[in-house]
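Okay, here's what each chain looks like letter by letter:
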Amino acid sequence: MGMITIPPETSLPQQPSSEQARAWCRQLEEGNILFFPRTPIALAEEDLRFLLTLEQTSSGLHKNLAYKPQRDEISGADMKGADAAAGERLHRILREYSRRVTEFLESFLSPYQSHWQLDYGSFRPQEEQGRDLPLRRRNDLMHTDAFPTRPTHGARILRFFNNLHPTKTRDWITGEPFGALAPQFAPQQIALPREQSTLTRVTAAAACNLGLGRVLPALKRSPYDDFMMRFHNFLKENATYQAQGKREPWSFPPGSSWMVYTDMVPHAVLAGQYALEQTYLVSPEAMVAPEHAPLNVLQAMTGLPLV
Ligand code: SIN
Ligand code: FE
């Protein structure tokens, strides 16, 4: 486990060979970070400057901003009046970023092409060090990712980042991947998932069909999703793990990019400001090394189908 540096010449627009692309998928699936010292998704100079000064000029901007590609919407920016033009520009930048990362990954990780669902993107303008957030929302505590309102039903959470800061690194720590970690805590400290009753499965499916999934996220979750959510909370709340768990530090320099399966690699961001990020939900069927996927790890531990 660790970081694999992609030499700049490999991230040029030309299509990598399918063996090479498969090897990168495998490295990700084994829990490595793929690191691009110079991002393949560089912003235009004036867009970069705009993002770096947005906070000072826009009163409606407070937190992380989400871009929802499916609906082509931004949320988190409540921009009115003079800020409306800034809002429009921000929207365009996030839309283009999302599109360019997707285009790049369709070739760079070609085995996943058309096997993923484009999830949210985000702009993260705040200094991460010392952010005052409720414990379960803190990103400076080690955790694996799970989304409370967007269960994945076994799909993998792959995230691509850019550090936009002109001078400061974005500092992360990462820990042992899910396959090594889950058996250390489950089932003694955190209950393993149980098979869903037929009634729950049918009710959940009906709720989804009626469009109630949004208001009843817990119902929409599979036993897998439920476990992944509990595991996220468990890690953040486990003071011993936070203090003594194995960890490795990484500093992502200005102008770099990296990607990682954040559902399997515990991570925390300790410092850094101004990042862009795009998330993909990659179908379990597209895995080139499926034995490492959290769903398969859990199904092997329980002997049960969990989605
Ligand atoms: C996270 O997924 O925990 C956030 C990482 C970051 O913003 O660098
Ligand atoms: Fe995270």
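What you see is a predicted model, and the numbers here were worked out from it, not measured in a lab.

## Let's talk about the site of ligand 1
Inference 1: Neighbouring ligand 1 are the residues Arg124, Asn139, His143, Asp145, Arg159, Phe161, Arg170, Trp172, His267 and Val269.
Inference 2: Side-chain polar atom of Arg170 to an oxygen atom of ligand 1: 2.8 Å apart, as the coordinates give it.
Inference 3: At 3.1 Å from an oxygen atom of ligand 1 is found a side-chain nitrogen or oxygen belonging to His267.
Inference 4: Relative to its free-state accessible area of 260 Å², ligand 1 is covered by the protein chains to the extent of 99%.
Inference 5: Under a 2 Å grid-point criterion requiring more than half of the atoms, the pocket assigned to ligand 1 is the largest pocket.
Inference 6: The set of elements that each furnish at least two residues to the shell around ligand 1 consists of strand 6 (156–163), strand 7 (170–174) and strand 10 (267–271).

## A word on the nonpolar core
One broad rule of soluble globular proteins: the nonpolar side chains tend to lie buried together.
Inference 1: Among the nonpolar cores identified, the biggest contains 74 residues, and Leu105, Phe108, Leu109, Tyr112 and Phe123 are the most heavily contacted of them.
Inference 2: Considering every element that reaches this core, the biggest residue donor is helix 3 (residues 83–108), with 9 residues.
Inference 3: Beyond its immediate chain neighbours, meaning those up to four positions away, Tyr112 contacts Cys25, Glu29, Leu158, Tyr261, Val282, Ala286 and Met287.

## Remarks on the layout of surface pockets
Inference 1: The space that makes up the largest pocket amounts to roughly 1300 Å³.
Inference 2: In terms of lining residues, the largest pocket is bounded by 47 residues, among which Tyr120, Phe147, Pro148, Arg150 and Arg159 are the most central.
Inference 3: Those elements that place two or more of their residues in the lining of the largest pocket are strand 3 (61–68), strand 5 (116–124), strand 6, strand 7, helix 7 (223–237), strand 10 and strand 11 (275–282).
Inference 4: Its residues placed into classes, the lining of the largest pocket shows 16 nonpolar, 14 polar and 17 charged.

## Brief notes about the pairing of strand 7
Inference 1: Counting buried residues along strand 7, 4 of its 5 residues qualify, which places the element largely inside the surrounding structure.
Inference 2: Note that strand 7 and strand 8 (residues 248–252) share 5 bridges and pair antiparallel. Bridging across to strand 8, Asp171 finds its partner in Ser251.
Inference 3: By the bridge criterion, 4 bridges tie strand 7 to strand 10 in an arrangement that is antiparallel. In the strand pairing of strand 10, Ile173 is matched with Ala268.

Analysis parameters
Residues numbered from 1 in each chain as written. Chains lettered and ligands numbered in written order. Predicted model: local features only at pLDDT ≥ 70, side-chain atom pairs only at ≥ 80, totals over all residues. Heavy atoms only, no water. Near = heavy atom within 4 Å. Polar contact = N/O pair within 3.5 Å; in protein donor to acceptor, adjacent residues only side chain to side chain. Areas by Shrake-Rupley, 256 points an atom, 1.4 Å probe, with all protein chains shown as cover. 1 Å grid on protein atoms, 1.4 Å probe; cavity = no way out; pocket = protein on both sides within 12 Å on 5 of 7 lines; lining within 4 Å. Sits in = over half its atoms within 2 Å of the grid points. Helix = DSSP H or I, 4+ residues; strand = E, 2+ residues; numbered from the N terminus. Core = buried A, V, L, I, M, F, W, Y, C linked by side-chain atoms within 4.5 Å. Buried < 20%, exposed > 50% of the residue type's maximum accessible area, 1.4 Å probe, protein only. Contact = heavy atoms within 4.5 Å. Points joined across faces, edges and corners; volume = space filled by probe spheres on them. Nonpolar A, V, L, I, M, F, W, Y, C, P; charged D, E, K, R; others polar. Pairing = 2+ DSSP bridges.

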